[in-house]
Amino acid sequence: MRISKEDIESFLETGRFGRGLEVHQWLPSTNDRLLSLIREGEYIGEGYVVIALEQKSGRGRQGRVWHSPEGGLYLSILLQPEIPQNQWNNILLLGAIAVYDAIYGLYNLKTTIKWPNDILYADKKLSGILIETKRGAGGVVSGVLGIGINANLSSEEFPREIREFVTSLLMEVGEMVDLNELTAGVLNAFEQLYFHLVEGEIDVRGELENRRTIIGRRVEVMSGGEVVVGRVLGYGENGSVILEVEGGGRREFHEGNLSLID
Ligand code: BTN
């Protein structure tokens, strides 16, 4: 599947996001490429995007590997918002909402947003989002939002041990998708949400509740060495998840690993 700056631009409706963009045949990791541009003090501007057709060392949350053969979509976006530190979790959630909206808008496929950073279809992982922050020249905090989508990948292209837990757009839509259109779809959706957040004009909790999420599901959250089982009640102010704990009480988690039980 050909992917190019020009083809992506033909689908872009953004003011800034994706207007500066580079496409690589392969990279170790698109997040690493963007983080090193920030470190070197390159002036690339907010909304700059790095894409790789393949990643050799794709990274997931908590040091996990993000399997990245050619056919998937791997992109990172530079963000420099003037927001309090506790809003970064909300940006991660907006990334998930943008992927959800793009997939629904383009393929009419209703996925599920699994707190904090996964997009599932039929409880199998279709996409993951990762945010990493770095203080660059002049003390400006930059964020790199990395998005991986299992796009044109067939089951055999995943390692055998994860095959039953993952899916792809190719498998669910039933045909190859246009990665240029998908990239632009994600950027179009994300830019709008992001600017609303920066202007303080978005209720992220409400946005989540308007989509299919894991509210009502029985889950296990591992956080700070503790394992808590309960039912998801909803979301908190700064991108947290709230559980009704089995055995009584409510708990709010700002970070952690969440697994669906049933
Ligand atoms: C996760 O589910 O744990 C997050 C996965 C994030 C993967 C993307 S692919 C583009 C960017 N570059 C990386 O190395 N990781 C992110």
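Just so it is clear, the structure is predicted and the values come from calculations on it, not from any experiment.

A. How the structure looks around the site of the ligand. The environment of the ligand is formed by 20 residues, the closest being S29, Q55, R59, R61 and K125. Separating an oxygen atom of the ligand from a side-chain N or O atom of S29 is a distance of 2.8 Å. A distance of 2.6 Å is found between an oxygen atom of the ligand and a side-chain nitrogen or oxygen belonging to K125. Its free accessible area being 420 Å², the ligand has 99% of it covered by the protein chains. Elements that contribute at least two residues to the shell around the ligand include exactly α2 (30–39), β3 (73–79), β6 (124–135) and β7 (141–149). With 4 residues, the single largest contributor to the shell around the ligand is β6. Tallied by class, the residues present in the shell around the ligand amount to 5 nonpolar, 11 polar and 4 charged.

B. Looking closely at the packing of aromatic side chains. Per the stated rule, a full pass over the model turns up 5 aromatic pairs. Look at F17 and F190: their rings are 5.9 Å apart centre to centre, the planes differ by 55°, and that puts the pair in the tilted class. Placement of the pair is F17 in the loop between α1 (5–9) and β1 (21–24) and F190 in helix α5 (residues 179–198), with a sequence separation of 173 residues. F190 carries the same exposure label as F17, and that label is buried. Ring centres of F17 and Y194 lie 5.4 Å apart, and the angle between their planes is 55°; on these two criteria the pair is classed as tilted. Note that F17 is positioned in the loop between α1 and β1 and Y194 in helix α5, a separation of 177 residues in sequence. The burial state of F17 is the same as that of Y194; both residues are buried. Chaining the aromatic ring pairs together yields one cluster made of F17, F190, Y194 and F195. Directly above the ring of W26 sits K56, whose terminal nitrogen or CZ lies 5.0 Å from the centroid.

C. Summary view of the sheet that holds β3. What the 7 strands build is an open sheet, ordered β1-β2-β3-β7-β6-β5-β4; its pairing is mixed. A strand with exactly one partner marks an edge of an open sheet, and here the two such strands are β1 and β4 (112–114). Along the sheet, successive strands turn relative to each other by an average axial angle of 20°, direction set aside. Across 4 bridges, the pairing between strand β2 (residues 49–52) and β3 is antiparallel. Across the sheet, I51 pairs through a bridge with L75, a residue of β3. Across the face of the sheet, helix α3 (residues 88–107) comes into contact with β3, β4, β5 (118–121), β6 and β7 while running at roughly 145° to β6.

D. Broad picture of the packing of α3 against α5. Interhelical geometry of α3 versus α5 gives an angle of 135° and a closest axis separation of 8 Å. When the axis of α3 is compared with that of α5, the two are oblique. Along this stretch, α3 crosses α5, giving a crossing that reads as right-handed. Along its contact with α3, which presents N90, I91, L94, G95, I97, A98, V99, D101, A102, L106 and Y107, the element α5 presents E181, L182, G185, V186, A189, F190, L193, Y194 and L197. Split into classes, the residues belonging to the contact of α3 with α5 amount to 15 nonpolar, 3 polar and 2 charged.

Conventions and cut-offs
- Residues numbered from 1 in each chain as written.
- Predicted model: local features only at pLDDT ≥ 70, side-chain atom pairs only at ≥ 80, totals over all residues.
- Heavy atoms only, no water.
- Near = heavy atom within 4 Å.
- Polar contact = N/O pair within 3.5 Å; in protein donor to acceptor, adjacent residues only side chain to side chain.
- Areas by Shrake-Rupley, 256 points an atom, 1.4 Å probe, with all protein chains shown as cover.
- Helix = DSSP H or I, 4+ residues; strand = E, 2+ residues; numbered from the N terminus.
- Nonpolar A, V, L, I, M, F, W, Y, C, P; charged D, E, K, R; others polar.
- Phe/Tyr/Trp six-rings, centres within 6.5 Å; stacked < 30°, edge-to-face > 60°.
- Buried < 20%, exposed > 50% of the residue type's maximum accessible area, 1.4 Å probe, protein only.
- Lys NZ or Arg CZ within 6 Å of the ring centre and 35° of its normal.
- Pairing = 2+ DSSP bridges.
- Axes fitted to C-alpha atoms, helices over the stretch in contact; angles between N-to-C directions.
- Contact = heavy atoms within 4.5 Å.
- Parallel < 35°, antiparallel > 145°, perpendicular 65-115°, else oblique.
- Left-handed = near helix turned anticlockwise from the far one by under 90°.

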